[in-house]
Amino acid sequence: MSIDKIKKFLAFLSCVSYAIIVLIVLPLCIYEKNRDHSSKVEAWFIGGIFVMATLPVSMYGIIKHALHYSKPHLQKYIIRILFMVPIYALNSWIVLKFPQTSIYLDTIRECYEAFSIYNFMMYLINFLKHEVPDFEIIKYSKKNIKWLCCLPPCENGVSVLDKCKFGVLQYTLIRVITSFIAYVSEIFKVYNEGEIDFRFSWSYVAIANNFSQMIAMFCLILFYTVFRSELSPLKPIRQYLCIKFVVFVTFWQSILIAILTKFGIISTNQWPYFPTIIDTVNGLQDFLICVEMFIASIAHIIAFPVTPYLIDERLNWLSNIANAANVSDLSYEVKSHYDHFYGKVKSALRKGRSCETVANSIEEANEYTRLVVDSQETYGIQSQIEIESEDLIVEI
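K.L.:
Explain the overall build of the protein chain to me, please; I cannot follow it from the model alone.
P.N.:
The secondary structure content of the protein chain amounts to 13 helices and two strands. When burial is assessed residue by residue, the protein chain has 40% of its 396 residues classed as buried. Partitioning the contacts of the protein chain with sequence separation of at least 6, the portion at a separation of at least 24 is 76%.

In structure tokens form, the structure reads like this:
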């Protein structure tokens, strides 16, 4: 069987599988809507229509990259980024129907958001390493790069690359930590998601995530600014805007809805889908994400086209997706940055102890010198007394 026939068969099989899923899920959604006429189910039903439109678009891009897996060092990260949209859409749709699962599913979604930003950074770095000739020379040729007004400039491009990679990686780690805090807070009923109230932990978690996310986004912009000419064939601006759009609708949008609800600009009277303030904040956020992910799925297909990779076709596309799901590179990056950071701290501590030892040695030497001088002065006085005593005896 030729490759074209196998490709057509896989496309046909995917379409049939999705059609079967829709034929099963859609009647169930209609039944649920007719059984329960509440406005919340109507919101869930409308959101489900957009989710079912999002999934085939996203899966098309993922499968196309998996079939044309000609550059694994780039496409591994592209597939991971493309998975962000269906994960967000399905997560929001399920939580819209079952709000009690939000603390578990939203934790996964938020961690994957940070993971996607890390993957975009590694996608850019790998493009420079593998696709730009003489990049090892280029990164050393960039000198005295100003990156923050209050800090000294970076020595060269290598320093910028390390700082930017660490700045993005910290967001991945912070997201995991804050998600764990959110989970524990929810167990003890002190989380109160979506409400700005500093008696509960959600406000503090949101501030920490916001600050960490701003650092990560700043590092991405700095990295692009320094290596703009080398990254130009990749056209990373539209890709960055796609990721920024998803980040905005998942984080900044939730903050904006919480603020508007806090000041009464958004109320339950305006949004009859959701009966209480907390339901309004969380439900409106999940409903909007279901709609917005359909737009994001189309934008991601345009931003990450498969055209540059139409060099080779690999029929074992499932193993290629499995390869993209292997996150051992993330654990390696975390370990290498930990070793690097720990080495610097250890060196600084060793240097501090060395300076302290030198200072103590100097102090001991000074103390010894003072003792010697005091002894010499004492010995001189005693000698003078003895000489005077001898002179007195001679006179007598």
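K.L.:
When you look at the packing of helix H5 (residues 102–131) against helix H8 (residues 201–226) in this model, what are you seeing that I'm missing?
P.N.:
Axes are the key here: two packed helices are described by the angle between their axes and the distance separating the axes. With their axes 11 Å apart at the nearest point, H5 and H8 run at an angle of 15° to one another. In terms of orientation, H5 lies roughly parallel with respect to H8. The interaxial crossing formed by H5 with H8 has left-handed handedness. The segment H5 lies against H8, with Glu113, Ile117, Phe120, Met121, Leu124, Ile125 and Leu128 engaging Gln213, Met217, Leu220 and Phe223. Across the contact of H5 with H8, the residue classes break down as nine nonpolar, one polar and one charged.

K.L.:
How should I be thinking about the side chain of Thr107 in this particular structure?
P.N.:
As for its placement among the helices and strands, Thr107 is situated in helix H5. With residues near it in sequence (within four places) discarded, Thr107 still touches Ser102 and Ser179.

K.L.:
Help me understand the pattern of salt bridges in this model?
P.N.:
It is possible for side chains of opposite charge to pair when their charged atoms get near one another. A complete count under the given rule lists seven salt bridges for this structure. For the salt bridge of Asp106 with Arg109, the shortest nitrogen-to-oxygen distance reads 3.7 Å. With Asp106 and Arg109 both in helix H5, this residue pair falls three residues apart, about one helical turn. Exposure remark for Asp106: the relative accessible area of 5% places this residue in the buried category. For Arg109, a relative accessible area of 4% gives the class buried. Residue Arg175 pairs with Glu110 through a salt bridge whose shortest N-O separation is 3.4 Å.

K.L.:
Mind showing me how you'd approach helix H7 (residues 157–187) here?
P.N.:
Since the α-helix turns once every 3.6 residues, residues separated by three or four places project in the same direction. Look at H7: 46 Å from first C-alpha to last across 31 residues, which is about the 45 Å you get at 1.5 Å a residue. Near the N-terminus of H7, the side chain that reaches the backbone nitrogen of Val158, with its oxygen 3.1 Å away, is that of Asn156.

K.L.:
For this particular structure, what's the right way to read unusual backbone geometry?
P.N.:
Residues other than glycine predominantly adopt negative phi, and peptide bonds predominantly adopt the trans conformation. Notably, Asp134 is not glycine yet its phi reads approximately 60°, a positive angle. Along the chain, Asp134 falls in the loop between H5 and helix H6 (135–141). Residues other than glycine seldom take positive phi values, yet Lys235 does so here, at roughly 50°. When you line up the elements, Lys235 lands in the loop between helix H9 (228–231) and helix H10 (236–262). Given a relative accessible area of 52%, Lys235 falls into the exposed group.

K.L.:
Help me out: how do you make sense of a nonpolar patch on the surface in this one?
P.N.:
Together, Tyr104, Tyr183, Ile187, Phe188 and Val190 make up an exposed nonpolar region whose accessible area comes to about 520 Å². In this structure, Val190 sits in the loop between H7 and H8.

K.L.:
Would you mind showing me how to read the state of the cysteines here?
P.N.:
A covalent bond between the sulfur atoms of two cysteines is referred to as a disulfide. Applying the stated rule across the entire model yields zero disulfides. Its sulfur unpaired, Cys219 is 4.9 Å from the next cysteine sulfur, which belongs to Cys164.

K.L.:
Where do I start with the packing of aromatic side chains in this structure?
P.N.:
The relative placement of two aromatic rings is captured by the distance of their centres and the angle of their planes. For the coordinates displayed, the defined rule picks out 10 aromatic pairs. Each ring, one from Tyr112 and one from Phe115, has its centre 5.6 Å from the other, and the planes form 65°; the classification is edge-to-face. Note that Tyr112 and Phe115 are positioned in helix H5 at a spacing of three residues, about one turn of the helix. Among the residues examined, Tyr112 registers a relative accessible area of 16% and is labelled buried. A relative accessible area of 9% means that Phe115 is categorised as buried. Taken together through their ring pairs, the aromatic side chains of Tyr112, Phe115 and Tyr118 make up a single cluster.

K.L.:
Help me understand the packing of H7 against H8 in this model?
P.N.:
Their axes nearest at 9 Å, the elements H7 and H8 cross at an angle of 165°. As the angle between them shows, H7 and H8 are arranged roughly antiparallel. Two packed elements cross with a definite hand, and for H7 against H8 that hand is left-handed. Its residues placed into classes, the contact of H7 with H8 shows 16 nonpolar, eight polar and two charged.

K.L.:
Can you walk me through empty space enclosed by the protein in this structure?
P.N.:
Regions of empty space are outlined by a rolling probe, equal in size to a water molecule, passed over the atoms. The final tally for this structure, using the stated rule, is two cavities of 30 Å³ or more. Of the voids in this model, the largest cavity is the one considered here, and its volume is about 280 Å³. Looking at the largest cavity, it is lined by 25 residues, and the ones nearest its centre are Arg109, Glu110, Glu193, Trp202 and Ser254. Contributions of two or more residues to the lining of the largest cavity are made by H5, H7, H8, H10 and helix H11 (277–303).

K.L.:
Help me out: how do you make sense of the environment of Val247 in this one?
P.N.:
Inspection of the secondary structure puts Val247 in helix H10. In this structure Val247 comes out as buried when scored by relative accessible area, which is 1%. If we ignore the near neighbours within four places in the chain, the residues touching Val247 are Glu113, Ile117, Gln213, Met217 and Trp252.

K.L.:
Can you walk me through the nonpolar core in this structure?
P.N.:
If you look at soluble globular proteins, the nonpolar side chains tend to sit buried side by side. In terms of nonpolar packing, the biggest core is built from 68 residues, with Tyr123, Phe223 and Met293 touching the most fellow members. If you list the elements that add at least two residues to this core, you get helix H2 (39–67), helix H3 (72–82), helix H4 (84–97), H5, H7, H8, H10 and H11. Here this core gets 13 residues from one element, more than from any other, and that element is H5. The next biggest cluster of nonpolar side chains, apart from the first, holds 13 residues, and it includes Ala206, Ile255, Ile257 and Ile266.

Here is what the cut-offs are and how they apply
- Residues numbered from 1 in each chain as written.
- Predicted model: local features only at pLDDT ≥ 70, side-chain atom pairs only at ≥ 80, totals over all residues.
- Heavy atoms only, no water.
- Helix = DSSP H or I, 4+ residues; strand = E, 2+ residues; numbered from the N terminus.
- Buried < 20%, exposed > 50% of the residue type's maximum accessible area, 1.4 Å probe, protein only.
- Contact = heavy atoms within 4.5 Å.
- Axes fitted to C-alpha atoms, helices over the stretch in contact; angles between N-to-C directions.
- Parallel < 35°, antiparallel > 145°, perpendicular 65-115°, else oblique.
- Left-handed = near helix turned anticlockwise from the far one by under 90°.
- Nonpolar A, V, L, I, M, F, W, Y, C, P; charged D, E, K, R; others polar.
- Salt bridge = Lys/Arg side-chain N within 4 Å of Asp/Glu carboxyl O.
- Expected span 1.5 Å × (residues − 1).
- Polar contact = N/O pair within 3.5 Å; in protein donor to acceptor, adjacent residues only side chain to side chain.
- Patch = residues over 30% accessible without salt bridge, like charges linked within 9 Å, V, L, I, M, F, W, Y side chains within 5 Å.
- Areas by Shrake-Rupley, 256 points an atom, 1.4 Å probe, with all protein chains shown as cover.
- Disulfide = S-S within 2.5 Å.
- Phe/Tyr/Trp six-rings, centres within 6.5 Å; stacked < 30°, edge-to-face > 60°.
- 1 Å grid on protein atoms, 1.4 Å probe; cavity = no way out; pocket = protein on both sides within 12 Å on 5 of 7 lines; lining within 4 Å.
- Points joined across faces, edges and corners; volume = space filled by probe spheres on them.
- Core = buried A, V, L, I, M, F, W, Y, C linked by side-chain atoms within 4.5 Å.

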